[in-house]
Number of protein chains: 2
Amino acid sequence: MKKVATADRVLSILRLFTTERPEWTVDDVGAELRLSASTAYEYVGCLVGAGLLVAGRTGHYTVGPAAIELDRIARRVDPLTRNARAILRKLVEESGAGTIGLLCRLYRLQVMCVDEYSINPPAIQTSYERGRPMPLIRGSASKAILVNLPARTLRRFFDLEREAVAAMGLGRDWEAFKAETRRLRRSAPLISIGELDAGALGVSAPVFGENDLILGSIGLVLAAEAVREDPARVEILKMLVGSAGQAVTCALRSP
Amino acid sequence: MKKVATADRVLSILRLFTTERPEWTVDDVGAELRLSASTAYEYVGCLVGAGLLVAGRTGHYTVGPAAIELDRIARRVDPLTRNARAILRKLVEESGAGTIGLLCRLYRLQVMCVDEYSINPPAIQTSYERGRPMPLIRGSASKAILVNLPARTLRRFFDLEREAVAAMGLGRDWEAFKAETRRLRRSAPLISIGELDAGALGVSAPVFGENDLILGSIGLVLAAEAVREDPARVEILKMLVGSAGQAVTCALRSP
DNA sequence: GCAAAATTCCTAATATCTCGGAATTTTGCT
DNA sequence: AGCAAAATTCCGAGATATTAGGAATTTTGC
């Protein structure tokens, strides 16, 4: 698709702002994007005008309030978030102590957590966090999505991430990978242990949109420790998560 | 400041997306902004490329995941949010049942709630909500900021909102308004009842940045009902909120 | 599988952007 | 308060990218 080159360059500035480097000077932006100082000022000025950036300490720019405002709009309008909110809460309540509920969404061959809920969070490190893009290949919340991708998309992913797929033991060639995803797809909901965070156990089920395309996943994270001696609880959690996934899929079809 | 006209027009599209109207077709965008169809597609394409918009139902665009991602970055980097988080939680815990804690920030003569926290929320309607811009003139969270604006800014606000100021009984001319704000500034923390939501009572204290400029406010909202017969509790809440405000101001200076 | 809607493609006149450097304002510091 | 340094705005002209409109193509809804 044809784009507007100038606007594109201006917007590309936004991508510089990350959690690792959330503050930029105009000079640094200009240096990074090979812009003259005056042009860098014009570009940054546009984003400041839109509220996407704000000047903090003089010369230092950070993400602005428009982001917070847009986030609120996104939260309120996104059908997945809306339909899943109540189900996610109920899932966490029924799952017992020490669990975190996650609602994730597929976006450009990545996974983004769009909602999280917890009553008494476990004392473990969790990578999934609202607004943080995650790889599609590791962790149950991701894999629940990955293995349900349409063949065409799966293939594109495989070609892109061949090494990562092999490293995760999901197959050295396309045929093996296809077989492995088929196997995992059948064993839903998915469980993963320590793939993203040591000591964390994830249980996730896929969520599908109206057209039966995979949309995202819903699931729980808890300390692996907590269920080591308790395989029965894991079975219960799998059941709860599985029906939560179906409930969300169902809710997305009806209203 | 000079801007890039094209990029500015592209970014102006974002402003069309509101909670009232969170979904737009390319045609409607084009009609609203007087753009040809092809140009509208180019513009929208830029924003889609940046992840700020996504196509949902075909032809219908909504706010995209980049907004969620940027929101996370904003939350993690904003010194106000970071320094106030723990204080806000403690404030709510100590304030007893049925309160909502709010952290608000001044932005372009408006007020935006940037964090909220509650243990057992009261069953009242509250307008302040994370990410929602609010007027600077109504509600304790806003007024706590308003009355602490530097004279120059206050004047600008008065000239802009002369009618609203008069309607709120804050003075019919600049001198009266100045006197009234001085009076309110001295009686911090501020209390308001039902200014934004009928039946809601707000208590808020100002928060200042390193340079002693007003940055925002911290406070509580609860059902007016809950303290009607209990003036002593109101006094306690004022004290708690007041010290929370000072604590945040202090925290912002030190680290 | 068809009609309608959505989206992409095309081109050339032209409106706009970009740059360097100078001018000006703001800031940090004593 | 006042000074030097940094940040930001201003400027104009050559170079470049943008735009409209309609046609072509793809996708969607039924």
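Quick caveat: nothing in here was measured; it's all calculated off a predicted structure.

J.: Sorry if this is basic, but what is going on with the packing of aromatic side chains here?
T.: Residue and element names in this part refer to chain A. Tallied over the full model, the rule gives 8 aromatic pairs over all chains. Aromatic side chains Phe158 and Trp174 sit 5.8 Å apart centroid to centroid with 50° between the ring planes, which places their arrangement in the tilted category. Placement of Phe158 in helix H7 (residues 151–160) and of Trp174 in helix H9 (residues 174–186) is noted, with a sequence separation of 16 residues between them. Like Phe158, the residue Trp174 is buried in the burial classification. Linked through ring pairs, Phe158, Trp174 and Phe177 together constitute an aromatic cluster. The side chain of Arg21 reaches across the aromatic face of Trp24, ending 3.7 Å from its centre.

J.: Explanation requested: the relation of the copies chain B and chain A in the structure shown.
T.: Relating one copy of the chain to the other requires a rotation about an axis plus a shift along that axis. For the pair chain B and chain A, the relating rotation is 180°, the translation along its axis is 0.0 Å, and the fit reaches an RMSD of 0.0 Å. This pairing of chains is accounted for by a two-fold axis. Minimal C-alpha distance to the rotation axis in chain B is attained by Ala7(B), lying at 2.1 Å. A symmetric contact is evident, with 100% of the interface residues of chain B recurring at the interface of chain A.

J.: Any chance you could explain the protein's contact with DNA strand C here in plain terms?
T.: With respect to spatial proximity, 19 residues lie near DNA strand C, and among them Arg9(A), Thr39(A), Tyr43(A), Ala5(B) and Thr6(B) are the closest. A share of 69% of the atoms of DNA strand C within 4 Å of the protein falls on sugar and phosphate groups. Between a phosphate oxygen of DNA strand C and a side-chain N or O atom of Tyr41(B), the distance comes to 2.9 Å. Taken together, the elements giving at least two residues each to the surface near DNA strand C come down to helix H1 (5–12) and helix H3 (37–49) of chain A together with helix H1 (5–12) and helix H3 (37–49) of chain B. Tallying contributions element by element places H3(A) first for the surface near DNA strand C, with 4 residues.

J.: How do you make sense of the interface of chain B and chain A when you look at a structure like this?
T.: Size of an interface, as often reported, equals the accessible area lost when the parts are brought together. Counting residues at the interface gives 49 residues for chain B, matched by 49 residues for chain A. Across the interface of chain B and chain A, roughly 4600 Å² is buried in total on both sides, 70% from carbon and sulfur atoms. Looking at the side of chain B facing chain A, the largest losses of area belong to Ile68(B), Leu70(B) and Arg72(B), adding up to 13% of the total buried there. Inspection of the region where chain B meets chain A yields 5 salt bridges. With a closest N to O distance of 3.5 Å, Arg76(B) and Glu129(A) form a salt bridge. Linking chain B with chain A are 8 residue pairs in polar contact (both at pLDDT 80 or more). Top contributing element to the side of chain B that touches chain A by residue count: helix H4 (residues 65–77) of chain B, with 12 residues. Residues of the side of chain B that touches chain A, tallied by class, amount to 28 nonpolar, 8 polar and 13 charged.

Calculation criteria
- Residues numbered from 1 in each chain as written.
- Chains lettered and ligands numbered in written order.
- Predicted model: local features only at pLDDT ≥ 70, side-chain atom pairs only at ≥ 80, totals over all residues.
- Heavy atoms only, no water.
- Phe/Tyr/Trp six-rings, centres within 6.5 Å; stacked < 30°, edge-to-face > 60°.
- Helix = DSSP H or I, 4+ residues; strand = E, 2+ residues; numbered from the N terminus.
- Buried < 20%, exposed > 50% of the residue type's maximum accessible area, 1.4 Å probe, protein only.
- Lys NZ or Arg CZ within 6 Å of the ring centre and 35° of its normal.
- Least-squares fit on C-alpha atoms with pLDDT ≥ 70 in both.
- Contact = heavy atoms within 4.5 Å.
- Near = heavy atom within 4 Å.
- Polar contact = N/O pair within 3.5 Å; in protein donor to acceptor, adjacent residues only side chain to side chain.
- Buried area = accessible area lost by both parts, 1.4 Å probe.
- Salt bridge = Lys/Arg side-chain N within 4 Å of Asp/Glu carboxyl O.
- Nonpolar A, V, L, I, M, F, W, Y, C, P; charged D, E, K, R; others polar.

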